[in-house]
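# Tertiary structure, described
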Amino acid sequence: MKPRNKPDEEEADFFHLPSRKNWSTRLIKFISALVVFMAGLVIGLSLSGRFNAQTEIFFPGTMYSVNCDKDFLGFKSFVTPQHLIHSMTDEELFWRASMAPKMEEYPFQRVPKVAFMFMTRGTLPFARLWDRFFKGHEGQYSVYLHTLPDYKLNVSTNSAFYGRQIPSEEVSWGSVTLVDAEKRLLANALLDFSNERFVLLSESCIPVYNFTTVYNYLIYSAQSFVESYDENSQEARGRYNRRMAPTIKLYHWRKGSQWFELNRELAVYIVADYQYYSIFRKYCKPSCYPDEHYIPTYLNMFHGSLNSNRTVTWVDWSRSGPHPATYGAPNITADFIRSIRNNGTSCTYNSKPTSVCFLFARKFAPNALGPLLALSSALMGF
């Protein structure tokens with residue numbers, strides 16, 4: 001028998017074919033896996049942006065970088081705003097300011113403050129006098145200025161008036177825009193929860209007592225000081241518009257000085273009111289002046305017991321005309337200031353008679369500043 005040194009062709013095909021098939025199968029599987037991997041990679045990359053955007057909502061990448069020591073809720077700035085500039089409309093501002101906490105206790109140390117609200121057309125000629133008045137009493141007062149829109153007030157950074165302008169609008173004498181400005185001042189001042197009393201002043205007003213006297217007088221008063229009286233004259237009842245009925249009737253109608261002083265409770269009521277304000281806006285037009293009738297009438301209708309029906313701002317109406325007397329440098333003497341402080345007017349304070357009826361006075365010309373500064377220390381105590 002012939003020895004078999006190598007397989008014949010059939011045997012060779014039999015033994016070699018399985019080896020080639022295994023190699024081809026592995027190659028096909030490898031290529032298929034590579035194709036699947038590359039396809040998955042492309043699809044994954046295309047979806048990664050969308051996936052990251054969605055997962056960022058639920059798993060923000062910065063969630064662990066928060067500074068836990070920072071008060072992100074801003075409680076301090078909520079109860080005592082340090083900056084007065086905001087973008088709120090009047091409607092938004094009044095809504096925000098009308099919020100009143102129901103809890104009697106405050107979750108912070110609260111020192112009641114007096115909000116001094118100045119309605120001015122331009123410069124503040126008596127800023128130096130008021131700065132003397134305020135000096136040393138920081139934390140017991142706040143200052144707010146309603147000026148012409150975009151007016152740049154030129155005072156030093158040490159002045160109590162520095163940075164105290166509120167977002168303001170144009171104001172026209174004798175129109176409802178004066179009431180708008182008053183409510184705007186009240187609303188901005190109400191954002192500071194430490195403000196307890198609110199006094200409206202003009203650039204021609206001066207204090208006639210020192211700060212401590214004024215502060216104690218207002219803070220400890222059981223009533224507010226809004227002049228409100230009924231008078232059968234053309235300047236009082238004669239300005240009533242019968243179309244205000246039945247919401248506002250003639251016996252509700254009152255007249256008084258624009259220069260008021262309010263406690264916080266009444267300030268919130270006035271800022272929150274739209275029903276009665278809208279009637280005045282519609283029907284109280286010259287010769288009806290909303291700033292002399294709206295607040296006096298509103299308080300008479302609903303909160304008469306909380307009002308003293310008098311003002312704490314002295315003014316001289318003894319001269320005929322639509323405006324009170326103005327006093328300049330030649331008029332400023334010690335006797336003149338004393339006559340304002342003790343002018344024989346009878347009034348009560350917390351139901352008891354008092355000779356201190358007026359805390360402020362108007363109307364003073366800019367040239368009165370020099371004599372007033374000369375008298376302030378010895379006569380008025382500041």
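Placed above this text is the structure.
Summary of the structure given here. Sequence positions are assigned chain by chain, starting from 1 and proceeding in written order. Local features in this predicted model are restricted to residues whose pLDDT is 70 or higher, and side-chain atom pairs enter the listing and the counts only when it is 80 or higher, whereas totals over whole chains, interfaces and linings include all residues. Hydrogens are left out, water is left out, and the side-chain values use all remaining heavy atoms of the structure.

## Structural notes on the overall build of the protein
Secondary structure elements are taken from DSSP: a helix is a run of H or I of four residues or more, a strand is a run of E of two residues or more, and numbering for both begins at the N terminus. In terms of regular secondary structure, the protein is built from 11 helices and nine strands. Any pair of residues with heavy atoms lying within 4.5 Å of one another is described as a contacting pair. Long-range pairs, those at least 24 residues apart, make up 80% of the contacts in the protein with a sequence separation of at least 6. Carbon and sulfur atoms form 56% of the exposed surface of the protein, whose accessible area is close to 22400 Å². Here the Shrake-Rupley method, with its probe set to 1.4 Å, supplies the accessible areas, and only the displayed protein chains count as covering residues.

## Things to note about the packing of helix H7 (residues 264-272) against helix H9 (residues 290-302)
Two elements in contact, H7 and H9, have axes whose closest approach is 11 Å; the angle formed by their N-to-C orientations is 110 degrees. Considering their axes alone, H7 and H9 lie roughly perpendicular with respect to each other. Considering how the two elements wind past one another, H7 and H9 form a crossing that is right-handed. On H9, the residues touching Leu266, Tyr269 and Ile270 of H7 are Tyr294, Ile295, Tyr298 and Leu299. When residue character is reported, Ala, Val, Leu, Ile, Met, Phe, Trp, Tyr, Cys and Pro are called nonpolar, Asp, Glu, Lys and Arg charged, and the others, Gly included, polar. Classifying every residue of the contact of H7 with H9 gives seven nonpolar, no polar and no charged. To obtain each axis, a line is fitted to C-alpha atoms, and for helices this fit is confined to the stretch in contact; angles are then taken between N-to-C directions over 0 to 180 degrees. What sets the label is the angle itself: under 35 degrees gives roughly parallel, over 145 gives roughly antiparallel, 65 to 115 gives roughly perpendicular, and the rest give oblique. By convention the crossing between two helices is left-handed if the near helix lies anticlockwise of the far one by an angle smaller than a right angle, and right-handed if it lies clockwise.

## Some points on the packing of helix H8 (residues 275-283) against H9
Running from N to C, H8 and H9 point in directions that differ by 140 degrees, and their axes come no closer than 11 Å. The crossing of H8 and H9 is right-handed. Across the interface between the two elements, Tyr276, Tyr277 and Phe280 from H8 touch His293, Tyr294, Thr297, Tyr298, Met301 and Phe302 from H9. Here the residues of the contact of H8 with H9 are counted per class, giving seven nonpolar, two polar and no charged.

## Things to note about the pattern of salt bridges
Basic side-chain nitrogens of Lys or Arg form a salt bridge, by our definition, when they fall within 4 Å of a carboxyl oxygen of Asp or Glu. Overall, the coordinates contain nine salt bridges when judged by the stated rule. Among the salt bridges present, the one from Lys113 reaches Asp192, with a minimum N-O distance of 2.7 Å. Taken together, the positions of Lys113 in strand S1 (residues 113-119) and Asp192 in the loop between helix H5 (177-190) and strand S3 (195-202) put the pair 79 residues apart, joining distant regions of the chain. The pair formed by Lys113 and Asp192 is uniform in burial state, with each residue classed as buried. Here Asp335 ties to Arg338 by a salt bridge, and the two come within 3.1 Å at their closest N and O atoms. Taken together, the positions of Asp335 and Arg338, both in helix H10 (residues 334-341) and three residues apart, correspond to about one turn of that helix. Among the charged side chains, a salt-bridge network with shared partners connects Arg239, Lys255 and Glu292. Categorising residues by exposure relies on relative accessible area from a 1.4 Å probe, with only protein chains included: less than 20% of the type maximum marks a residue as buried, more than 50% marks it as exposed, and the intermediate range marks it as partly exposed.

## Considerations on the state of the cysteines
Throughout, disulfides are identified as pairs of cysteine sulfur atoms within 2.5 Å of each other. Under the criterion given, the structure shown has two disulfides. With a sulfur-sulfur separation of 2.0 Å, Cys347 is cross-linked through a disulfide to Cys357. Between Cys347 and Cys357 the sulfur-sulfur dihedral comes to about -100 degrees; the bridge is accordingly left-handed. With Cys347 in strand S7 (residues 347-349) and Cys357 in the loop between strand S8 (352-354) and strand S9 (360-361), the pair connects residues that are 10 residues apart, well separated along the chain. Both residues of the pair, Cys347 and Cys357, belong to the buried class. Here the disulfide map of the protein reads 1-2, 3-4, the bonded cysteines being numbered as they appear in the sequence.

## Brief notes about empty space enclosed by the protein
Only protein atoms enter the 1 Å grid used here, on which a cavity is any set of points holding a 1.4 Å probe that cannot leave and a pocket is any open set flanked by protein within 12 Å on both sides along at least five of seven lines; residues with an atom within 4 Å of a point are listed as lining. Grid points are joined across faces, edges and corners, and a volume is the space filled by probe spheres set on the points. Within this structure, the stated rule accounts for one cavity of 30 Å³ or more. Volume-wise, the largest cavity comes out at about 30 Å³. Every residue lining the largest cavity is listed: Phe118, Leu124, Pro125, Phe126, Ala127, Trp130, Phe161, Ser202, Glu203 and Cys205. Looking at the lining of the largest cavity, its residues break down into eight nonpolar, one polar and one charged.

## What about the sheet that holds S1?
Note on pairing: two strands pair once DSSP finds at least 2 bridges between them. Spatially, four strands are ordered S2-S1-S3-S5 in an open sheet, and the strand pairing comes out mixed. Edge positions in the sheet fall to strand S2 (141-146) and strand S5 (261-263), since each has one partner strand and no second. Here the strands of the sheet are splayed against their neighbours by 20 degrees on average, with no regard to which way each runs. Relative to S5, S3 runs antiparallel, the two being bridged by three bridges. Considered in S5, the bridge of Val199 is made with Glu261.

## Points about the environment of Ser142
Looking at the element boundaries, Ser142 is found in strand S2. Placed 27 residues apart in sequence, Ser142 and Ala115 show a C-alpha to C-alpha distance of 4.7 Å. Contacts of Ser142, omitting those with residues within four sequence positions, involve Lys113, Val114, Ala115, Phe116, Arg164, Asp192 and Asn195. Between N or O atoms, a polar contact is any pair within 3.5 Å; within protein, one atom must be a potential hydrogen donor and the other a potential acceptor, and residues adjacent in sequence are included only when both atoms are from side chains. Within polar-contact distance, the side chain of Ser142 engages the side chain of Asn195 at 3.0 Å.

## Observations regarding H5
Look at H5: 20 Å from first C-alpha to last across 14 residues, which is about the 20 Å you get at 1.5 Å a residue. Buried residues dominate H5, accounting for 13 of its 14 residues. Between the first and last residue of a helix there are one fewer steps than residues, each counted as 1.5 Å, and that sum is the expected span.

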